[in-house]
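Results of the structural survey
Spelled out, the chains give:
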Amino acid sequence: MKTDARVRYTLKMLKDSLLRLLEEKPINKITVKEVCERAELNRATFYAHYSDCFALLESIEEDLLEAFQQSLKLVASFDVTALIEAIYTMIEQQQEACRVLIFQNVCPNVLRRMISLARGKSIAYWKQHLHRVTEAELEMLYTHLSNGLMHVVVEGYEKYSREEVVRFVNRIVQCSLSQFQ
């Protein structure tokens, strides 16, 4: 269902306002009144879309997770270059939300949820290609690679070039997977 342009604009203004406020203070200290003042919208407009600031934050997180889910659809599990490219593209498309929620670590749960989204597909794919590995080893391998590599991207986003990150991640994944082939 398509959303009216005015509604999309209103939602964007509310989300942008909350993200700016999250740079200043935690979510439990932010009021609907403050969000509305920043967005230059009235409280009735806010409540037409969200019950409170936590619901608004959850909507921002869901947008980010949906973008991540879409990026995962483009990637085969062993294609690390494509995965990193997809993650960088998602970050660029959701720049403000990523900067506040992930890079400034306002919502550490978002990274955990992203990692969880890719778990089933990755492990299922690895089961088909890694024949000398137990279920427990697959779980540990996924935990090791997904957490480490996601943090390399997050910590290295503005520190290293995309090419450096891709090259490093490729080496780590190939070394790790070669132990199980």
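Throughout what follows, the structure given in this document is the object of discussion. (Residues numbered from 1 in each chain as written. Predicted model: local features only at pLDDT ≥ 70, side-chain atom pairs only at ≥ 80, totals over all residues. Heavy atoms only, no water.)

1. Quick look at helix 1 (residues 5-22)
- Compared with the 26 Å implied by 1.5 Å per residue over 18 residues, the 26 Å span of helix 1 between its first and last C-alpha is a close match.
- Every buried residue of helix 1 is accounted for by Thr10, Met13, Leu14, Lys15, Asp16, Ser17, Leu18, Leu19, Leu21 and Leu22.
- Buried residues belonging to helix 1 abut helix 2 (32-39), helix 3 (43-49), helix 4 (53-72) and helix 6 (95-103).
- Taking the backbone nitrogen of arginine 6 as reference, a side-chain oxygen 2.6 Å away marks aspartate 4 as the first, capping residue of helix 1. (Helix = DSSP H or I, 4+ residues; strand = E, 2+ residues; numbered from the N terminus. Expected span 1.5 Å × (residues − 1). Buried < 20%, exposed > 50% of the residue type's maximum accessible area, 1.4 Å probe, protein only. Contact = heavy atoms within 4.5 Å. Polar contact = N/O pair within 3.5 Å; in protein donor to acceptor, adjacent residues only side chain to side chain.)

2. A closer look at helix 2
- Within the span of helix 2, buried status applies to Val32, Val35, Cys36 and Ala39. All buried residues of helix 2 lie within an arc of 95° about the axis, which places them on one face of the element.
- Check the buried side of helix 2 and you find it contacts helix 1, helix 3 and helix 4.
- A positive phi of about 60° marks glutamate 40, the residue just after helix 2. (Arc of directions from axis to C-beta.)

3. Focus on the nonpolar core
- Within the largest apolar cluster, 59 residues are counted, with the highest numbers of intra-cluster contacts made by Leu18, Leu22, Val35, Leu64, Leu101 and Met114.
- Per-element accounting of this core gives the leading share, nine residues, to helix 4.
- Once residues within four sequence positions are removed from consideration, methionine 114 is found in contact with Leu64, Leu65, Phe68, Met90, Ile102 and Met150. (Core = buried A, V, L, I, M, F, W, Y, C linked by side-chain atoms within 4.5 Å.)

4. Observations concerning the packing of helix 7 (residues 108-129) against helix 8 (residues 135-156)
- It is the contact of helix 7 with helix 8, at a shortest axis distance of 9 Å, that shows an interaxial angle of 135°. Classed by the angle they form, the pair helix 7 and helix 8 counts as oblique. In the crossing of helix 7 with helix 8, the sense of the turn from one axis to the other is right-handed. Between helix 7, through Leu111, Met114, Ile115, Ala118, Arg119, Ser122, Ile123, Trp126 and Lys127, and helix 8, the contact on the second element is made entirely by Glu135, Leu138, Glu139, Leu141, Tyr142, Thr143, Leu145, Ser146, Asn147, Met150, His151 and Val154.
- Looking at side-chain class alone, the contact of helix 7 with helix 8 contains 12 nonpolar, five polar and four charged residues. (Axes fitted to C-alpha atoms, helices over the stretch in contact; angles between N-to-C directions. Parallel < 35°, antiparallel > 145°, perpendicular 65-115°, else oblique. Left-handed = near helix turned anticlockwise from the far one by under 90°. Nonpolar A, V, L, I, M, F, W, Y, C, P; charged D, E, K, R; others polar.)

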